[in-house]
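Structure at a glance
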Amino acid sequence: MKNKRGSIVAIEPSTGEVLCFVSAPSYDPNLLAGRERGNNYKKLLDDISKPLFNRALMAEYPPGSIFKIAQALVALDMGVIGPNAGFACDKGLVGCHNHPSASTVRDGIKMSCNPYFYRVFQKEVQQLNPKTGKIDSKYGLAKWTAAMKRMGFGVTMDIDLPSVRKGHIPDTNFYNRWYPSGWNFHTIYSNSIGQGEVMVVPIQMANFAALVANRGWYITPHLVKGYGDETHRKIYSKYLQKHYSLIASSWWNIAVEGMWAVVHEGGGTGHRADVPGLDVCGKTGTAENIGADHSVFISFAPKINPQIAVSVYVENARGGGGTWAAPIAGLIIEKYIKGKVEREAFEKTYMEAAPCQALPLVRVSKPNKKASASSNETTQSTSQPTENKENTTEN
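In this report, the structure presented in the accompanying data block is examined. (Residues numbered from 1 in each chain as written. Predicted model: local features only at pLDDT ≥ 70, side-chain atom pairs only at ≥ 80, totals over all residues. Heavy atoms only, no water.)

1. Looking at the packing of helix α3 (residues 67-78) against helix α10 (residues 252-264)
Our working definition: Only the contacting stretch of a helix is used when fitting its axis, a line to C-alpha atoms as for every element, and angles between N-to-C directions run 0 to 180 degrees. What counts as a helix is a DSSP run of H or I of at least four residues, what counts as a strand is a run of E of at least two, and both are numbered from the N terminus. Convention used here: angles under 35 degrees read as roughly parallel, angles over 145 as roughly antiparallel, angles from 65 to 115 as roughly perpendicular, and any remaining angle as oblique. For any helix crossing, the convention is left-handed if the near helix is rotated counterclockwise from the far helix by under a right angle, and right-handed if that rotation is clockwise. Contacts between residues were defined by any pair of non-hydrogen atoms, one from each residue, lying within 4.5 Å. Throughout this entry, Asp, Glu, Lys and Arg are counted as charged residues, while Ala, Val, Leu, Ile, Met, Phe, Trp, Tyr, Cys and Pro are counted as nonpolar. The remaining residues, Gly among them, count as polar.
Between α3 and α10, whose axes approach to 10 Å, the crossing angle comes to 155°. One element, α3, and the other, α10, form an angle in the roughly antiparallel class. Like other packed secondary-structure pairs, α3 and α10 cross with a definite hand, here right-handed. For the pair α3 and α10, the contacting residues are Ile 69, Leu 73 and Leu 76 in the first and Trp 252, Ile 254, Ala 255 and Met 259 in the second. The residue inventory of the contact of α3 with α10, partitioned by class, reads 7 nonpolar, no polar and no charged.

Next up, the structure:
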């Protein structure tokens, strides 16, 4: 992460142990010791790149298209789509990159089709309320919100560090306050592709990658492996407990196969995460903000008996998730599983790269909802990663 802004979090899926925890840019802790610590703290505090801001735990970002995996799993479990659900890549609904229409959930994930997941979210929200016998967006959204929170979104991860933020999964009360005159699916459709009012924290993204790797459960992430002496080492019981999403076990392999295809098949968007000899599974995201898009990637490896789950977020890095975050994730996986990076030239390229748009970023006017529906790169918010509001994406 040298010369970059963002974060990397890696977790061992089977235990929840945090293997890698990076917030960039960082600072030399020696600056906060000695007689000059007060002056140095003031300089760090005033630094526009925010080195004191722990992005891994505190930055609330739009997840972009990594969120499509969660959308697919929830929709399958609700029964509003089946594994072979197909939707046309209709750019009249929401902007998208060029690819064939997806005819299965697996291909929808692989191709990262925006209109596909527009339709998926529409089916999740526009459900028949059994009490009224009518289509009720509030009823559907309430079920959706509960399912997302069971996967670790919109809740505070009880990691053994302070100042963790919980991100945001909007619910009916939120939209009732925001739109007192009424709302429906067409008001909130940007959530379908991980934009709109959905916000996640990097620790949650890595935890979600571990959840998929484990096919439906996670252990709360933690940095402290144990306490006490070598003979009587202990671990807090809460870091031994499995948390289940309650999504049926039959759906998880569809998500896994889609993530594998992202990295390994034609039409996938994450080929640069590929590590020779390893079955890496991943998902790209390109999340819009003020200035250049954020580059996002989650992954785990190997596909069977996974040893590591990773999230990478590179702020304002032109090119999207497949260009910057994916290769960084691949290098982290290679180093951890193989013990060394064998692709030295590849590593050198990304260690020396400085893709992040220079600060300060310039605020631009925010287009209306209708405009954002017809564009692939539209809505803007603020340059502070904890204050993003509403965006549309993708790849």
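2. As for the pairing of strand β7 (residues 281-287)
Side-chain direction in a regular strand flips from residue to residue, so the side chains alternate between the two faces of the sheet. Worth spelling out the cut-off: Partly exposed residues are those whose accessible area sits between 20% and 50% of the maximum for their type, while under 20% is buried and over 50% is exposed, using a 1.4 Å probe and protein chains only. One requirement defines pairing of two strands: DSSP has to find at least two bridges between them.
Taking burial as the measure, the 7 residues of β7 include 7 buried ones, the bulk of the element. Here β7 shows no split at all, with Cys 281, Lys 283, Gly 285 and Ala 287 on one side and Gly 282, Thr 284 and Thr 286 on the other all buried. Relative to strand β8 (residues 294-301), β7 runs antiparallel, the two being bridged by 7 bridges. Residue Cys 281 lies in a different strand from β8, and its bridge partner there is Phe 300.

3. Observations regarding helix α11 (residues 325-338)
Our working definition: The span you would expect from a helix comes to 1.5 Å times its residue count less one.
With 14 residues, α11 should reach 20 Å at 1.5 Å per residue; the first-to-last C-alpha distance of 20 Å fits that figure. Restricting attention to buried positions, one finds in α11 the residues Ala 325, Ala 326, Pro 327, Ile 328, Ala 329, Gly 330, Leu 331, Ile 333 and Glu 334. Looking at the buried residues of α11, the elements they touch are β1 (6-11), β8, β9 (308-314) and α12 (344-352).

4. Quick look at the packing of helix α5 (residues 114-125) against helix α6 (residues 137-150)
Contact geometry for α5 and α6: axes closest at 7 Å, N-to-C directions at 105°. Comparing the axis directions of α5 and α6 gives the class roughly perpendicular. Side by side, α5 and α6 meet where Phe 121, Glu 124 and Val 125 of the first sit next to Ser 137, Gly 140, Leu 141 and Trp 144 of the second. Residue classes in the contact of α5 with α6 are distributed as 4 nonpolar, 2 polar and 1 charged.

Any functional reading would require information that these geometric values do not contain.
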